[in-house]
Amino acid sequence: MTLPNLPRVAALYGALNTAMVCASSPDTDLERITVSGSQYTLAAEQKVHFLSKEHIEVMPHIADDIFRLMPSLPGVAAGDYSANFFVRGGHSDEVLVLLDGQPLYRPFHMKSFNSAFSIVDTDNVGALEFSSGGFTARYGNKMSGVMAIDSIYDIAEQKNSLGVSFINARVGSQGTFANERGTWMVSARRGYLDLVLEAVEDESNKFEPIYADLFVKASYNLSDRHSLSGHFLYAWDDEILDDTFQEWDGVKEYQVQEKVSGQYSSVYFWTTLNSDWHADLSSQTLLSVAKVEEDRNGGQYDPREIWLTLDDNKFFYAYSLKQDWQWHLSEDHYLESGFDAKYLDAEYDYRMEAWYRLNYDGEDYRYRKTRLTASGNVFGAYVSDRWRLSDAWFAELGLRWDQQDYYGFTKRQWSPRVALLYQFAEGHRVSLSAGDYYQPEDILGLQVADGATKFHGVEKARHMILSYQGELSPGFQWRAEAYLKKLSDLRPWYENAFDIYAFLPEGQADRYQVAPQSAKVKGVELSLRHSISPQWQWQASYSWSNAQDNINGHWYPRSWDQRHSVKLASNYEFDNGWQLSGLLYFHSGWPITGESGSLVKTAGGQLEVQRSLNERNQLKLGNYKRVDVRIHKIYPLSNSELTVFFEVSNLLNFDNECCIERTSYNVNDQGQLLKKEERGHWLPVIPSFGVKWEF
């Protein structure tokens, strides 16, 4: 194993910090000023926030999964089946997810089934900051967003909790030790969808999604200036789908079989040293190891369309050393800098074989087999200066350097970033930010399932954001943002023409390559937040966006492009302690490709239907509408409290279109070919409930 070239990183880090000195200065609030736009603090208890921690706990979100609440933010899109999401037109893998500073690789449960839930327990979240663009030089290697989660940090006494919901059960405990110099917390969850489904499924249908996770954290104050913490996160999945069902071809019924099996595990262990070297100088040092294992296999037998079998195994290690520094150089300068060094090791073992009775490109047989090991180093370093130009003007200048070197893939990037803020009145501010953001192909993301055996390179996004925030009255804030993202050096990717959330997607006949030369995402977002009274708050947003790829001189919408989007959230607390919360979602239907057919004569003179995929994403699904509601109450008990909630997702049971399930053809009496398209739907009305006892 080759260790990271740490001297090289340290030399560059020193070069970037040649202008830094430890200067004595009085207390300043520069570190609490956000210069760039597109930032949301969701869960902190002592910061200006978009949604407080308390509001997150009472807002409706499937499985109490905080990832499922992200689509309520402007510029965020998601499908019902997945906890993964898209930020301002970017791919779902363009968001950096951090837990207590540690990057999480593929942070989801049920990865065989579209990553239905996250591995982060919402009850453990103490603060969450989300950026949908224009983030500072501290963050690298992702193009669209940052989701920085801090676990609970204000532990003052022994507390235990037991919780049961419609999806999972959890147990947690936290407390202090060593005369309150140290704190600890532990929580464990186990999903029991498998037990619920086992009670209702028949012999021809077996669906067992078993998953669990464990999080442990302990921190200790070594002195008044230094504290050490250790963190452990473990997530595990064992997923089985064995389904046999009947289909109708217009003449007779026939039997279709689908099998999917997945075993997944993720293990993270990291330690963090927080140091206050001086009143004006502090640092955080993080040392970590992560391991991800993914084993997926399955098959599909449809006598009219496909015979498919596949076996997919991945193994990944990451060893990381990261350090961040903060300096108060003076009343007018707040400096941040740091470096990150990683050694990565990934193994791939993939095999797929498929025969097609129905195809769209003449390919009736597909075979892929890949075995490879990719390992190497990833380095990064940054410096960022937040600068008070006057009482009203602020600027932030940042520069980041990154290098990747693995499996014959060696690239380097410099990323300048700049933001300017003008606060011209109390509660009113306008900001302008711009910067370059690079994303190398993840060593764990090589597209072996679609035949790729080499890493593509590094994609680039240039962000430009204009933001205005104001107050109509105390407690009534609004924000308007306009943004433009120009993307270049894009790697090709693969999609399914009928359903981008299909199981075993790489084996389907409608799989095709998307290879844009460039892309452009632009949009406007308007957000309102009003606290009418201590009991009643609401917030709303409207977004217009346009996400398009340039392919051979033609512009095509991305498959998750939402031209218009409206989101409304409200919470009301009654005098008896019950709280009623609601979320309303509306967005334009996503584009979809679909197919067309034509009548052709065979060599024997017979007529048959020749199928072909349409031009990319020229069809549209229906507009999406959903209303979620939740009622919530906390009952104080003797030395404890009991929380209960009842929730309904898609209360009005809207039939939101998600995909094309099948397309059939027939010939009428005039010899014309008629097409019948059956569209699938997102989730129907889903009731849920939960009980939590804290003691």
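Everything below is about the structure printed above this text.
Below: a short report on this structure.

Rules used throughout
- Residues numbered from 1 in each chain as written.
- Predicted model: local features only at pLDDT ≥ 70, side-chain atom pairs only at ≥ 80, totals over all residues.
- Heavy atoms only, no water.
- Helix = DSSP H or I, 4+ residues; strand = E, 2+ residues; numbered from the N terminus.
- Polar contact = N/O pair within 3.5 Å; in protein donor to acceptor, adjacent residues only side chain to side chain.
- Contact = heavy atoms within 4.5 Å.
- Salt bridge = Lys/Arg side-chain N within 4 Å of Asp/Glu carboxyl O.
- Buried < 20%, exposed > 50% of the residue type's maximum accessible area, 1.4 Å probe, protein only.
- Pairing = 2+ DSSP bridges.
- 1 Å grid on protein atoms, 1.4 Å probe; cavity = no way out; pocket = protein on both sides within 12 Å on 5 of 7 lines; lining within 4 Å.
- Points joined across faces, edges and corners; volume = space filled by probe spheres on them.
- Nonpolar A, V, L, I, M, F, W, Y, C, P; charged D, E, K, R; others polar.
- Phe/Tyr/Trp six-rings, centres within 6.5 Å; stacked < 30°, edge-to-face > 60°.
- Lys NZ or Arg CZ within 6 Å of the ring centre and 35° of its normal.
- Core = buried A, V, L, I, M, F, W, Y, C linked by side-chain atoms within 4.5 Å.
- Patch = residues over 30% accessible without salt bridge, like charges linked within 9 Å, V, L, I, M, F, W, Y side chains within 5 Å.
- Areas by Shrake-Rupley, 256 points an atom, 1.4 Å probe, with all protein chains shown as cover.

Here we look at the side chain of D80
Structurally, the position occupied by D80 is in the loop between β2 (76–77) and β3 (86–87). Engagement of the side chain of D80 in a polar contact is seen with the side chain of R626, the distance being 3.3 Å. Of note is the side chain of D80, whose polar atom sits 3.2 Å from the backbone nitrogen of L683. Once residues lying within four places of it in the same chain are set aside, the contact partners of D80 are R68, Y624, R626, W682 and L683.

Side note on the pattern of salt bridges
In this structure the tally under the stated criterion is 41 salt bridges. For the salt bridge of R462 with D436, the shortest nitrogen-to-oxygen distance reads 2.7 Å. Of this pair, R462 sits in strand β23 (residues 458–473) while D436 sits in strand β22 (residues 428–440), placing them 26 residues apart in sequence. Of the residues examined, R462 reaches a relative accessible area of 37% and is grouped as partly exposed.

Considerations on the pairing of strand β4 (residues 95–99)
Burial runs high along β4: 5 of the 5 residues are buried. In this structure, β4 lies alongside strand β9 (residues 145–151), joined through 5 bridges in parallel fashion. Directly across from V97, in β9, lies its bridge partner M147. One ladder, built from 2 bridges, connects β4 with strand β5 (residues 102–103); its direction is antiparallel. Bridged to L99 within β5 is Q102.

Some points on empty space enclosed by the protein
All told, the structure shown has 11 cavities of 30 Å³ or more when counted by the stated rule. Size it by volume and the largest cavity reaches roughly 250 Å³. Lining the largest cavity are 24 residues, with P71, A78, D80, Y585 and R626 positioned closest to its centre. Those elements that place two or more of their residues in the lining of the largest cavity are β2, β30 (564–573), β31 (579–587) and β36 (624–637). Considering each element in turn, the lining of the largest cavity owes the most residues, 4 residues, to β31. Taken together, the residues of the lining of the largest cavity sort by class into 12 nonpolar, 7 polar and 5 charged. As a volume, the second largest cavity reaches approximately 150 Å³. Lining the second largest cavity are 16 residues, and of these G75, A77, G89, S545 and Q562 sit closest to its centre. Elements with a minimum of two residues in the lining of the second largest cavity: β2, β28 (536–551) and β30.

A look at the packing of aromatic side chains
This model, assessed by the stated rule, comprises 39 aromatic pairs. With centroids separated by 5.7 Å and ring planes inclined at 75 degrees, the aromatic side chains of Y360 and F498 adopt a geometry described as edge-to-face. On the criterion of sequence distance, the pair formed by Y360 in the loop between β18 (333–356) and β19 (365–388) and F498 in the loop between β25 (493–496) and β26 (511–514) is long-range, its members being 138 residues apart. A residue is classified by how much of its surface remains accessible, and Y360, at 13% relative accessible area, is buried. The aromatic ring of Y483 is capped on one face by R88, whose charged end is 4.2 Å from the ring centroid.

Some remarks on the nonpolar core
Counting residues in each nonpolar core, the largest one holds 99 residues, and the members touching the most others are F67, F85, F117, F130, M147, Y268 and F316. In terms of residue count, β18 provides more of this core than any other element does, 7 residues in total. Counting residues in hydrophobic clusters, the runner-up holds 9 residues, among them Y483, A519, V521 and A547.

Describing a nonpolar patch on the surface
Taken together, V164, I532, W536, Y572, F574, L580, I631, F646 and F689 make up a surface patch of nonpolar side chains, about 770 Å² in accessible area. Turning to its location among the elements, W536 is positioned in strand β28.

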